[in-house]
Amino acid sequence: THAELYLRVARLAAAMKAEGIGPGDVVAAYMPNLPETLITLLAASSIGAIFTSASPDFGVQGVLDRFGQVEPKLLFVADGYFYNGKEIDTLGKTREIAVQLPSVKKVIVSPYVHETGHDLSAIPNALTRGDFVAPWRGVREIEFNRLPFDHPLYILYSSGTTGVPKCIVHSAGGA
């Protein structure tokens, strides 16, 4: 429901702010199309952080070519995704990405393929999404940052077919 979405965004935004994320910081998602992906985007935008994403079917280098340019401070991932009836684990690729992105302070893992039983010890600074937001379960309101019309909101990327993908920055105005 709208109320559930609002609470989940409020709690994640509070957790991000407690982690020191604010206007101009980049938050990256290496996730499939899930409610948690949208919640991450909305929480980041509410505090003035810049959201960027890459599909979980990208290889490690494809993600590094994109995220390496924008130096995200938080990396949100799902434990995997489903394709053509098959379960695809992404935690191995996540470990490789996290090791090669020194800007990432924390890796937040959303269970999608497996609800429990994640061994995140191989991924530097990783914790589950539930653990990341747990201290903020009592938060009920979103504190929106008021920012200029041209404040960056999203970073998307060109295809990368003619070299390293180019960043495409969208501002908050009009979004």
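Report follows, based on the coordinates. (Residues numbered from 1 in each chain as written. Predicted model: local features only at pLDDT ≥ 70, side-chain atom pairs only at ≥ 80, totals over all residues. Heavy atoms only, no water.)

### Here we look at the packing of aromatic side chains
(1) Moving on: Overall, the coordinates contain 2 aromatic pairs when judged by the stated rule.
(2) Moving on: Both rings, one in Phe 76 and one in Phe 132, keep their centres 6.1 Å apart while their planes meet at 80 degrees; by these two values the pair is edge-to-face. In this pair, Phe 76 sits in strand β3 (residues 74-78) while Phe 132 sits in helix α5 (residues 129-133), placing the two residues 56 residues apart along the sequence. Across the pair, exposure class does not vary: Phe 76 and Phe 132 are buried alike.
(3) Moving on: With a centroid separation of 5.3 Å and 75 degrees between ring planes, the pair formed by Phe 82 and Tyr 112 is classed as edge-to-face. One end of the pair, Phe 82, is in strand β4 (residues 80-83); the other, Tyr 112, is in the loop between β6 (106-110) and β7 (126-128), and 30 residues separate them in sequence.
(4) Moving on: Note on Phe 82: relative accessible area 44%, which makes it partly exposed.
(5) Moving on: Of the residues examined, Tyr 112 reaches a relative accessible area of 31% and is grouped as partly exposed. (Phe/Tyr/Trp six-rings, centres within 6.5 Å; stacked < 30°, edge-to-face > 60°. Helix = DSSP H or I, 4+ residues; strand = E, 2+ residues; numbered from the N terminus. Buried < 20%, exposed > 50% of the residue type's maximum accessible area, 1.4 Å probe, protein only.)

### Considerations on the pairing of strand β2 (residues 50-54)
(1) Moving on: Within β2, 4 of the 5 residues are buried, which leaves the element mostly enclosed by the surrounding structure.
(2) Moving on: Bridge count between strand β1 (residues 26-30) and β2: 5 bridges; the pairing is parallel. Note that in β2 the partner of Val 26 across the bridge is Ile 50. (Pairing = 2+ DSSP bridges.)

### Topic: unusual backbone geometry
(1) Moving on: One non-glycine residue, Glu 71, lies in positive phi territory at about 50 degrees.
(2) Moving on: With a phi close to 55 degrees, Asn 84 is a non-glycine residue in the positive phi region.
(3) Moving on: Of note, Asn 84 is situated in the loop between β4 and β5 (86-89).
(4) Moving on: Note on Asn 84: relative accessible area 67%, which makes it exposed.

### Re the side chain of Asp 25
(1) Moving on: Tracing the chain through its elements places Asp 25 in the loop between α1 (2-18) and β1.
(2) Moving on: Relative accessible area serves as the criterion here: at 13%, Asp 25 is assigned to the buried category.
(3) Moving on: A polar contact of 2.9 Å, which involves the side chain of Asp 25, links it to the side chain of Lys 73.
(4) Moving on: Leave out the neighbours within four places in its chain, and Asp 25 touches Gly 20, Ala 49, Ile 50 and Lys 73. (Polar contact = N/O pair within 3.5 Å; in protein donor to acceptor, adjacent residues only side chain to side chain. Contact = heavy atoms within 4.5 Å.)

### Examining the nonpolar core
Within soluble globular proteins, side chains that are nonpolar generally end up buried alongside one another.
(1) Moving on: Ranked by size, the top nonpolar core spans 28 residues in total, and within it Leu 12, Met 16, Ile 21, Val 27, Leu 74, Phe 76 and Phe 132 carry the most contacts.
(2) Moving on: Within the residue set of this core, elements represented by two or more residues are α1, β1, α2 (35-46), β3 and α5.
(3) Moving on: It is α1 that provides the largest number of residues to this core, a total of 7 residues.
(4) Moving on: Once residues within four sequence positions are removed from consideration, Phe 132 is found in contact with Leu 12, Ala 15, Met 16, Glu 19, Leu 74, Phe 76, Lys 106, Ile 108 and Leu 127. (Core = buried A, V, L, I, M, F, W, Y, C linked by side-chain atoms within 4.5 Å.)

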